[in-house]
Each structure stands twice: as C-alpha cells, then as structure tokens.
Amino acid sequence: MSIEEKKFLKKIGANVAKQRKAKGFSQLDLCSIIKMEKSNLSSIENGRQNVTSLTLLKISKAIGVEVNSFFE
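Our subject in this report is the structure included herewith. In this text the structure is predicted, and so the values were computed from the model without any measurement. (Residues numbered from 1 in each chain as written. Predicted model: local features only at pLDDT ≥ 70, side-chain atom pairs only at ≥ 80, totals over all residues. Heavy atoms only, no water.)

1. Side note on the side chain of Asn15
So, point 1. Mapped onto the fold, Asn15 is located in helix α1 (residues 3–22).
So, point 2. Using a relative accessible area of 11% as the deciding quantity, one classes Asn15 as buried.
So, point 3. Engagement of the side chain of Asn15 in a polar contact is seen with the backbone oxygen of Glu72, the distance being 2.8 Å.
So, point 4. Leave out the neighbours within four places in its chain, and Asn15 touches Ser69, Phe70, Phe71 and Glu72. (Helix = DSSP H or I, 4+ residues; strand = E, 2+ residues; numbered from the N terminus. Buried < 20%, exposed > 50% of the residue type's maximum accessible area, 1.4 Å probe, protein only. Polar contact = N/O pair within 3.5 Å; in protein donor to acceptor, adjacent residues only side chain to side chain. Contact = heavy atoms within 4.5 Å.)

See below:
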C-alpha cells in the first residue's frame, strides 16, 4: 500500500471517529447497532483497515450523517 493510500484510509477513519463522537456514540454503541466487532471498528478508525462502501453506509445511517462526511 502506498503512502498516499495509507493517508487516505487514516483520513476516512479519523472522520468516522470524529462523526461518531460528535453524535455521542461510543465504539461499543455503534458496534452493537451495526453488528460489527469493536476491533474492526477500531481498525477502520485508525486507518489500518480498508473499509467497504457498504460498511460506511451502515455507519452513516446508524449515527445519522451523510456518507460523504467521511470524505471531507
């Protein structure tokens, strides 16, 4: 994976974490809603896992934000 790709994943992950926290959800809260292991969400938020578009959709619906907010 290139440095650019790693930076991209870190940015998305940071935005997921930022939006989640802004809406008052803990990682465990969100994981319970979307049926995901906490370790997977943590990997996404830390940019260590290439998140799928469907997972981003599930996260956005669960916390009440638009998917595109993860890319800003």
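2. Regarding the packing of α1 against helix α3 (residues 38–45)
So, point 1. Following both chains from N to C, one finds α1 and α3 inclined at 120 degrees, their axes separated by 7 Å at the closest point. Classified by the angle their axes make, α1 and α3 are oblique. Touching Leu9, Gly13, Ala14, Val16, Ala17 and Arg20 of α1 are Leu41, Ile44 and Glu45, all from α3.
So, point 2. Of the residues belonging to the contact of α1 with α3, the class tally is 6 nonpolar, 1 polar and 2 charged. (Axes fitted to C-alpha atoms, helices over the stretch in contact; angles between N-to-C directions. Parallel < 35°, antiparallel > 145°, perpendicular 65-115°, else oblique. Nonpolar A, V, L, I, M, F, W, Y, C, P; charged D, E, K, R; others polar.)

3. Focus: the nonpolar core
So, point 1. Val16, Leu30, Leu41, Ile59 and Phe70 are the most contacted members of the largest nonpolar core, which totals 15 residues.
So, point 2. Broken down by secondary-structure element, the contributors of at least two residues to this core are α1, α2 (27–34), α3 and α4 (53–63).
So, point 3. It is α4 that provides the largest number of residues to this core, a total of 4 residues.
So, point 4. Apart from the residues lying within four places of it in its own chain, the contact partners of Leu30 are Arg20, Leu41, Ile59, Ala62 and Ile63. (Core = buried A, V, L, I, M, F, W, Y, C linked by side-chain atoms within 4.5 Å.)

4. Focus on the packing of aromatic side chains
So, point 1. Throughout the structure, instances matching the rule amount to 1 aromatic pair.
So, point 2. Their ring planes at 40 degrees and their centres at 6.3 Å tell us that Phe8 and Phe71 sit as a pair that is tilted. Linking Phe8 in helix α1 with Phe71 in the segment after α4, this pair joins segments that are 63 residues apart in sequence.
So, point 3. A residue is classified by how much of its surface remains accessible, and Phe71, at 40% relative accessible area, is partly exposed. (Phe/Tyr/Trp six-rings, centres within 6.5 Å; stacked < 30°, edge-to-face > 60°.)

5. Focus: the side chain of Arg20
So, point 1. Within the fold, Arg20 resides in helix α1.
So, point 2. For Arg20, a relative accessible area of 5% translates into the label buried.
So, point 3. The contacts of Arg20, once residues within four sequence positions are left out, are Phe25, Ser26, Gln27, Leu30, Leu41, Glu45 and Ile63.

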